Amino acid sequence: QSPSLPVYPSQTSTSTMPTAPQIEKKNDDIIVRTHQSGMIEKIMENSMAIFSVVFLIGIAASKTILTKAAFKQVDFGYPIILSGMSCLVTDTAIAGLWGTGMASYAAPKSDKLWSFAVVTVMTALGMAFQNLALNMLSVALQQALRATLPVFVIVFERVILGKSHNKLIYVALIPLTLGPMLCLKGSSGADITVMGLIYMTAGVLMSALKVVYLEKVVRSVRKDMGMVSFLFWLDLFMVPILAPWAVANGEIFEVASWPQRTSAIAWGFLILVSIMGGLRAYSINMVVKHASALTKTAADIFTQALTIYVSLLIFNTEASTMLHLGIAVTVAGFGFYTAIKYNEKQKKKAKKAAIKKVVEDNDNEVEPFLKPSDAVSHRV
């Protein structure tokens, strides 16, 4: 009898290889899970976009209304001090973010300090003048006058820089000029002061000059440091400008007699108002990140209209037919202007993309081994 040969498991056990139906089911499960994951990711992305827009509108409208409430309801009639408080409170919050590691630290580059200083001066002047105006004017009138910013920007670019624009841009300037004039005519005497108009005009002029001359500088410096660090240093450098101003106009001495100086609630409200500037900058960054430039543009238009009409109710502003007409014309003009500017930016982006593609296509072209003249000579 011959010895028995060893028996291996593979020869006796059934094959463990998955069957075709099992493979198909596994693939279907993978597809389903991938689809579900994509849907969840899409829902989260859309939710963040919606939240960022709502957050921006709420913060931007609240900032103006709460600042006016600080002047009127809380009786804190010290706009320069409030501007300085906004800088200090925002910087304290940012320092906390740095300390907890929630934001990265960065300082201005030495070669851009001079440009950063000019940006700081113009920003401080613009903010202070507009707060001084808001203390003296109604929110509706202040917002309408603020909407004239594109008018000054276009005029400066045309007269000083010789820059030409789409003809429709000049058409948009008509309602942006007419609307504030109607608001001015339709406002009651209690909502208008000559100094308020002067301050608002100066504030808009400062903002326009910053847009015309320093927009590229601002973007470059902000890109180097990031939004949080840029905001910290900007606010910090504005304090040495605002502090002497508060001394010069007497606010620093008058605040000692503020009726609510011992009220913790009043100071808490002022701190809330002060942090709004930093939150607004953060909310703008969120919209740009999670939504689109067009969404940001639409949010700006809606914010202006919401701010004006909510302020009419909260502050019991006497709203005549002329004022309502001026508001409507201003908001419509602002919407028309922003739509044209957005369209221009999209065209510029498309043109740059087309030029870049042509350059890349030319770079990718491979030179033939034989030039036409060489090929002819070889055939001969």
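Check the entry above for the structure.
This report concerns the structure included in the present document. (Residues numbered from 1 in each chain as written. Predicted model: local features only at pLDDT ≥ 70, side-chain atom pairs only at ≥ 80, totals over all residues. Heavy atoms only, no water.)

### Quick notes on a nonpolar patch on the surface
Okay, step 1: Residues Val 155, Val 159, Ile 160, Leu 161 and Tyr 213 make up a contiguous nonpolar surface patch of roughly 470 Å² in combined accessible area.
Okay, step 2: Locating Tyr 213 in the fold gives a position in helix 8 (residues 194-225).
Okay, step 3: Judged by relative accessible area, Tyr 213 falls into the partly exposed class, the value being 40%. (Patch = residues over 30% accessible without salt bridge, like charges linked within 9 Å, V, L, I, M, F, W, Y side chains within 5 Å. Areas by Shrake-Rupley, 256 points an atom, 1.4 Å probe, with all protein chains shown as cover. Salt bridge = Lys/Arg side-chain N within 4 Å of Asp/Glu carboxyl O. Helix = DSSP H or I, 4+ residues; strand = E, 2+ residues; numbered from the N terminus. Buried < 20%, exposed > 50% of the residue type's maximum accessible area, 1.4 Å probe, protein only.)

### Here we look at the side chain of Asp 191
Okay, step 1: With respect to the element layout, Asp 191 can be found in the loop between helix 7 (167-186) and helix 8.
Okay, step 2: One buried charged residue, Asp 191, remains without a salt bridge, the closest side chain of opposite sign being Lys 72 at 5.9 Å.
Okay, step 3: For Asp 191, the contacting residues outside a window of four places in its chain are Met 136, Leu 137, Ser 138, Leu 141, Thr 317 and Glu 318. (Lys, Arg positive; Asp, Glu negative; His and termini not counted. Contact = heavy atoms within 4.5 Å.)

### Regarding the pattern of salt bridges
Okay, step 1: Within the structure shown, the criterion is met by 2 salt bridges.
Okay, step 2: When the shortest N-O distance is used, the salt bridge between Glu 157 and Lys 163 registers 3.9 Å.
Okay, step 3: Overall, Lys 163 belongs to the partly exposed group, its relative accessible area being 35%.

### Observations regarding the packing of aromatic side chains
Okay, step 1: The tally for this structure, following the rule as stated, stands at 15 aromatic pairs.
Okay, step 2: When the ring of Phe 116 is compared with that of Phe 230, the centres are 5.8 Å apart and the planes differ by 85°; the resulting orientation is edge-to-face. One end of the pair, Phe 116, is in helix 4 (residues 113-136); the other, Phe 230, is in helix 9 (residues 227-248), and 114 residues separate them in sequence.
Okay, step 3: Judged by relative accessible area, Phe 230 falls into the buried class, the value being 6%.
Okay, step 4: Clustering of aromatic rings is evident, with ring pairs tying together Trp 98, Tyr 105, Phe 116, Phe 230, Phe 232, Trp 233 and Phe 237. (Phe/Tyr/Trp six-rings, centres within 6.5 Å; stacked < 30°, edge-to-face > 60°.)

### Considerations on the environment of Ala 332
Okay, step 1: Relative to the assigned elements, Ala 332 resides in helix 13 (residues 321-364).
Okay, step 2: Distance from Ala 332 to Ile 301, taken between C-alpha atoms, is 8.6 Å for residues 31 residues apart in sequence.

### Topic: the side chain of Thr 317
Okay, step 1: Position of Thr 317 relative to the elements: it lies in the loop between helix 12 (293-314) and helix 13.
Okay, step 2: Contacts of Thr 317, omitting those with residues within four sequence positions, involve Ser 138, Asp 191, Ser 311 and Leu 312.

### Brief notes about helix 9
Okay, step 1: Between the first and last C-alpha of helix 9 there are 32 Å, a value that for 22 residues agrees with the 32 Å anticipated at 1.5 Å per step.
Okay, step 2: The largest bend in helix 9 amounts to roughly 30° and is located at Val 239, with the proline Pro 240 lying one to four residues further along.
Okay, step 3: The set of residues buried in helix 9 consists of Ser 229, Phe 230, Leu 231, Phe 232, Trp 233, Leu 234, Asp 235, Met 238, Leu 242, Trp 245 and Ala 246.
Okay, step 4: Where helix 9 is buried, its residues meet helix 3 (79-99), helix 4, helix 8, helix 10 (251-254) and helix 11 (264-290).
Okay, step 5: Two residues or fewer past helix 9, Gly 250 is found with a positive phi of approximately 85°. (Expected span 1.5 Å × (residues − 1). Bend = angle between axes of the 7 residues up to and from the residue.)

### Describing the packing of helix 5 (residues 139-146) against helix 7
Okay, step 1: One can describe the packing of helix 5 onto helix 7 by two numbers: an axis separation of 8 Å at closest approach and a directional angle of 160°. Viewed along their axes, helix 5 and helix 7 adopt a mutual orientation that is roughly antiparallel. Where helix 5 crosses over helix 7, the two elements pack in a sense that is left-handed. Contacts between helix 5 and helix 7 involve Leu 141, Ala 144 and Leu 145 on the former and, on the latter, Pro 180, Cys 183 and Leu 184.
Okay, step 2: Taken together, the residues of the contact of helix 5 with helix 7 sort by class into 6 nonpolar, no polar and no charged. (Axes fitted to C-alpha atoms, helices over the stretch in contact; angles between N-to-C directions. Parallel < 35°, antiparallel > 145°, perpendicular 65-115°, else oblique. Left-handed = near helix turned anticlockwise from the far one by under 90°. Nonpolar A, V, L, I, M, F, W, Y, C, P; charged D, E, K, R; others polar.)

### Some words on unusual backbone geometry
One can expect most non-glycine residues to show negative phi and most peptide bonds to be in trans.
Okay, step 1: Phi at Asp 75 takes a positive value of approximately 65°, unusual for a residue other than glycine.
Okay, step 2: Position of Asp 75 among the secondary structure elements: in the loop between helix 2 (20-72) and helix 3.
Okay, step 3: Judged by relative accessible area, which is 43%, Asp 75 ranks as partly exposed.
Okay, step 4: In this model, Asn 316 sits at a positive phi of 50°, which is unusual for a non-glycine residue.
Okay, step 5: Along the chain, Asn 316 turns up in the loop between helix 12 and helix 13.
Okay, step 6: The exposed category is assigned to Asn 316, whose relative accessible area is 66%.

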